[in-house]
Amino acid sequence: SPCAEELGDCFRSEIEAAPGIDAKEWGTGLQIADIRQVVAVSGPYNIEALAHVLQARGLPLQLVAALMGNLRRSSPVARVREMKPLAVALLPPVLLYHGTNDHTVPYTQSEEMAETLQSVGARASIQLFAGKSHTDPILEDPAELG
């Protein structure tokens, strides 16, 4: 897998492989060491598991696969499990935010991602927001501060 190689090569190969993205636009100035922390909100992180949740809600699995491509390759949880220790050591701390009342992506996706990152030796933490939905932490709550 590309992420089993050096981390910078992994990101570069992901950018180059993404349809509609011109890798030249991304430049070469940013290095992994320049990233001090990753903040992620509301997932999804395990696309394979989420596909079955979405299917149970009426979204055909074929449509999820058409949108996401290879479900395993699209799943950050699976990709982290494949990372070599050298690549993991280069990761910045990861902070995951998720609302417990998220009906789009279950908050257990963030719990699983945090546990997976920690299990391979990465620094990860999670902050759950009781009663918040999928978009509350990033759209509704900040809009209320107005």
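Right, let's talk about a nonpolar patch on the surface for a bit. Judged by side-chain polarity, L63, L67 and M68 come together as a nonpolar surface patch covering roughly 280 Å² of accessible area. One can find L63 in helix α3 (residues 61–68).

Right, let's talk about the nonpolar core for a bit. Judged by nonpolar contacts, the single largest core of 15 residues is most densely connected at Y45, M83, L96, M113 and L117. Residue assignment for this core shows that the elements contributing at least two residues are α4 (76–81), α5 (85–90), β2 (94–99) and α6 (108–119). Here this core gets three residues from one element, more than from any other, and that element is α6. Once residues lying within four places of it in the same chain are set aside, the contact partners of L96 are A40, Y45, S110, M113, A114, S125, I126 and Q127. Judged by nonpolar contacts, the second largest core, of seven residues, contains L50, A51, V64 and V105.

Let's shift gears to the side chain of H98. In this structure, H98 sits in strand β2. Given the relative accessible area of 0%, H98 is considered buried. Of the polar contacts made by the side chain of H98, one reaches the side chain of S110; its length is 2.6 Å. Beyond its immediate sequence surroundings of up to four residues, H98 is in contact with S42, G43, V105, P106, Y107, S110, Q127, L128 and F129.

This paragraph deals with helix α2 (residues 47–56). Along α2, the residues classified as buried are I47, L50, A51 and L54. The buried residues of α2 occupy an angular sector of 110° when the element is viewed end-on, so they sit on one face. Residues of α2 that are buried make contact with α3 and α6. The N-capping residue of α2, defined by a side-chain oxygen 3.3 Å from the backbone nitrogen of E48, is N46. Just beyond α2, the residue with positive phi is G58, at close to 110°.

Calculation rules
Residues numbered from 1 in each chain as written. Predicted model: local features only at pLDDT ≥ 70, side-chain atom pairs only at ≥ 80, totals over all residues. Heavy atoms only, no water. Patch = residues over 30% accessible without salt bridge, like charges linked within 9 Å, V, L, I, M, F, W, Y side chains within 5 Å. Areas by Shrake-Rupley, 256 points an atom, 1.4 Å probe, with all protein chains shown as cover. Salt bridge = Lys/Arg side-chain N within 4 Å of Asp/Glu carboxyl O. Helix = DSSP H or I, 4+ residues; strand = E, 2+ residues; numbered from the N terminus. Core = buried A, V, L, I, M, F, W, Y, C linked by side-chain atoms within 4.5 Å. Buried < 20%, exposed > 50% of the residue type's maximum accessible area, 1.4 Å probe, protein only. Contact = heavy atoms within 4.5 Å. Polar contact = N/O pair within 3.5 Å; in protein donor to acceptor, adjacent residues only side chain to side chain. Arc of directions from axis to C-beta.

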